[in-house]
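Structure assessment
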Amino acid sequence: MDAALIAGIVLVLGIAVLLLLRVPIAIAVGFSAFVAVAAVIGMEKASFVAAQRMFTGINSFALLAIPFFILAGVLMNNGGIAGRLIDAAKVLVGRMPGSLAQTNVVANALFGSVSGAAVASAAAVGGVIGPRQAKEGYDKNFSAAVNIASAPSGMLIPPSNTLIVYSLVSSTSIATLFVAGYIPGILWALACMLIVFLYVRKRKELNNYQKVTLPVALLTLWRAFPSILMIVIVIGGILAGIFTPTESAVIAVVYCLILGFAYRAIKISDLPRIILDATVTTSIVMLLVGVSTIMAWVMAFSGIPAAISNGLLGLTGSPTMILILIMVILLIVGTFMDPTPAILIFVPIFLPIVTEFGVDPIHFGIMVTFNLCLGTITPPVGNVLFVGAKVAGLRAEPVIKALVPFFIALIAMLFVVAFVPQLSMWLPELLGLLAP
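All values derive from a computational prediction rather than experimental measurement.

Thoughts on the overall build of the protein
A tally of helices and strands in the protein yields 21 helices and zero strands. Relative to a compact globule of 436 residues, whose C-alpha radius of gyration would be 22 Å, the protein shows 22 Å and is just as compact. For the protein, the C-alpha atoms occupy an extent of roughly 75 × 50 × 50 Å along the three principal directions. For the protein, the residues scored as buried account for 53% of the 436 residues in total. Pairs at least 24 residues apart make up 79% of the contacts formed inside the protein by residues separated by at least 6 positions. When the accessible surface of the protein is summed, it comes to about 18,600 Å², and 70% of that surface belongs to carbon and sulfur atoms.

This is the structure:
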């Protein structure tokens, strides 16, 4: 039997069965990949190859950015930064119809842009704004849907751990990916704001706005300025060549730590708990990276990417149809797999296909990330969906119904991002980050 067929059957069946048995995805991927390697080259060689590939996969200086950005995100979540960013968002959109819901969207974008963590955004922002929306008469399911739908915008707006993982897999520039994510991330937030506007337009009781005097507005923005300044320091330092993305992550940790102590929101006694939380999350991500490199090796060795490529090209020779097929596959994959393992598994398969049609790897990375972000708010596995529902004290089912208009708007925006590459490429080109 062909090696690609053997490895493919073992991988697909192994992962599917283990996920159905509720085995953690890192274990499911790692075990299935090891069995596939053993089926192709034998048990004795498989042990050495698997250990070597895992070590090689995580032995990367660029990957050091992930644990530090995760730690920075945990520090932000505990350091009083969320409240200040919410107040700043309220000043920016407080005069719009449905001001509290609009504030939720903008606050998630701001918090995500300094933490890069959608789950943290949904928990921190939703926990503060949700009760306020309930007092003003918002439907609780709609309020939760707004919070859940807007939280993933921070996975596109840098710094983003998801984009770092894509950079590792695709050998593209982290700085270029970071800059490319700004406009699509903002478009994600704008799509959510449009749905909020359409929702409150026919509900006069929600068309109130909050009057804020100029002195209060300036004071609020000034209090949030140190938190927002981190974006300038981290991204500006990378673009200016002052430090690498990994070094910028370390600077982000130090900066967040200083802010936490300055705001008196973090104590020395809190640090062990904060570091433990960050360590647990980092361990999960790094284990996923390690086991996914075993899968990537066995797929490459057995020729699975070439087989899938030939299969897709056999269906159609149209670049547009190829992109649509890939987007549909990733939308389905995202419903049961987190973005990190999905990128590690599927980007090595799809990237060579799209580059044959002239799709830039940077643009493809933003398209893939946007696509998989939708999975984080989609059942049955969407972690942002369930965290957001839990924070709101609601069951997921009624919240999913309220999410439907957001799904429609965001999928439409996905197609815009996919087929208008200038949205991703304009800023990197303007800043001279694209190779000539």
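A word on the packing of aromatic side chains
Across all of its chains, the model carries seven aromatic pairs by this definition. Residues W188 and F370 carry aromatic rings whose centres are separated by 4.9 Å and whose planes lie at 55° to one another, so their mutual orientation is tilted. Within this pair, whereas W188 is found in helix 11 (residues 182-201), its partner F370 is found in helix 18 (residues 361-375), the two being separated by 182 residues in sequence. On the basis of relative accessibility, which here comes to 0%, the residue W188 falls in the buried class.

Focus on the environment of A306
Among the structural elements, A306 can be located in helix 15 (residues 304-315). For A306 and L75, which are 231 residues apart along the polypeptide, the C-alpha to C-alpha distance reads 44 Å.

Examining the pattern of salt bridges
For the structure shown, the criterion picks out two salt bridges. A salt bridge links R273 to D270, with the shortest nitrogen-to-oxygen separation between them at 3.9 Å. Take R273: its relative accessible area is 40%, and that puts it in the partly exposed class.

Observations regarding the nonpolar core
Across soluble globular proteins, nonpolar side chains have a tendency to be buried as a group. Counting 148 residues, the largest nonpolar core has W188, I326, F350, F364, L403 and F406 as the members making the most contacts within it. Among the elements that take part in this core, helix 14 (residues 271-302) stands out by supplying 12 residues, more than any other. Residues contacting W188, with those up to four places away along its chain left out, are A149, S150, P152, S153, L156, F370, C373, L374, I377 and L410.

Some points on the packing of helix 7 (residues 118-135) against helix 8 (residues 140-150)
Put simply, helix 7 and helix 8 touch, their axes get as near as 9 Å, and they point 150° apart. Judged by the angle between their axes, helix 7 and helix 8 are roughly antiparallel. Handedness of the helix 7/helix 8 crossing: right-handed. Judged by residue contacts, S121, A122, V125, G126, Q133 and A134 of helix 7 engage K140, S143 and N147 from helix 8. For the contact of helix 7 with helix 8, the class distribution of residues is three nonpolar, five polar and one charged.

A word on empty space enclosed by the protein
This structure, assessed with the given rule, holds one cavity of 30 Å³ or more. In this structure, the largest cavity spans a volume of roughly 30 Å³. For the lining of the largest cavity, the class distribution of residues is four nonpolar, five polar and one charged.

Remarks on helix 4 (residues 65-78)
If you check helix 4, its first and last C-alpha atoms are 20 Å apart, about what 14 residues at 1.5 Å a residue would give, namely 20 Å. Of all 14 residues in helix 4, 10 are buried, a share of seventy percent or more. Of all the residues in helix 4, the buried ones are A65, I66, F69, I70, L71, A72, G73, V74, L75 and M76. Directly after helix 4, the chain includes G80, whose backbone phi takes a positive value near 80°.

Details of helix 13 (residues 245-262)
Between its first and last C-alpha atoms helix 13 spans 25 Å; for 18 residues at 1.5 Å apiece the expected length is 26 Å, and the two agree. Residues of helix 13 that are buried make contact with helix 4, helix 5 (81-93), helix 10 (174-180) and helix 12 (214-239).

Notes on unusual backbone geometry
At the junction of P158 and P159, the peptide bond is cis and its omega measures out at 0° in the coordinates. Phi at S171 takes a positive value of approximately 60°, unusual for a residue other than glycine. Relative to the helices and strands, S171 is located in the loop between helix 9 (161-170) and helix 10. Given the relative accessible area of 68%, S171 is considered exposed. The backbone of R264 shows a phi angle near 60°, a positive value even though the residue is not glycine. Inspection of the secondary structure assignment puts R264 in the loop between helix 13 and helix 14. Exposure remark for R264: the relative accessible area of 77% places this residue in the exposed category.

Procedures and definitions
- Residues numbered from 1 in each chain as written.
- Predicted model: local features only at pLDDT ≥ 70, side-chain atom pairs only at ≥ 80, totals over all residues.
- Heavy atoms only, no water.
- Helix = DSSP H or I, 4+ residues; strand = E, 2+ residues; numbered from the N terminus.
- Rg over C-alpha atoms; globule rule 2.2 N^0.38 Å.
- Buried < 20%, exposed > 50% of the residue type's maximum accessible area, 1.4 Å probe, protein only.
- Contact = heavy atoms within 4.5 Å.
- Areas by Shrake-Rupley, 256 points an atom, 1.4 Å probe, with all protein chains shown as cover.
- Phe/Tyr/Trp six-rings, centres within 6.5 Å; stacked < 30°, edge-to-face > 60°.
- Salt bridge = Lys/Arg side-chain N within 4 Å of Asp/Glu carboxyl O.
- Core = buried A, V, L, I, M, F, W, Y, C linked by side-chain atoms within 4.5 Å.
- Axes fitted to C-alpha atoms, helices over the stretch in contact; angles between N-to-C directions.
- Parallel < 35°, antiparallel > 145°, perpendicular 65-115°, else oblique.
- Left-handed = near helix turned anticlockwise from the far one by under 90°.
- Nonpolar A, V, L, I, M, F, W, Y, C, P; charged D, E, K, R; others polar.
- 1 Å grid on protein atoms, 1.4 Å probe; cavity = no way out; pocket = protein on both sides within 12 Å on 5 of 7 lines; lining within 4 Å.
- Points joined across faces, edges and corners; volume = space filled by probe spheres on them.
- Expected span 1.5 Å × (residues − 1).

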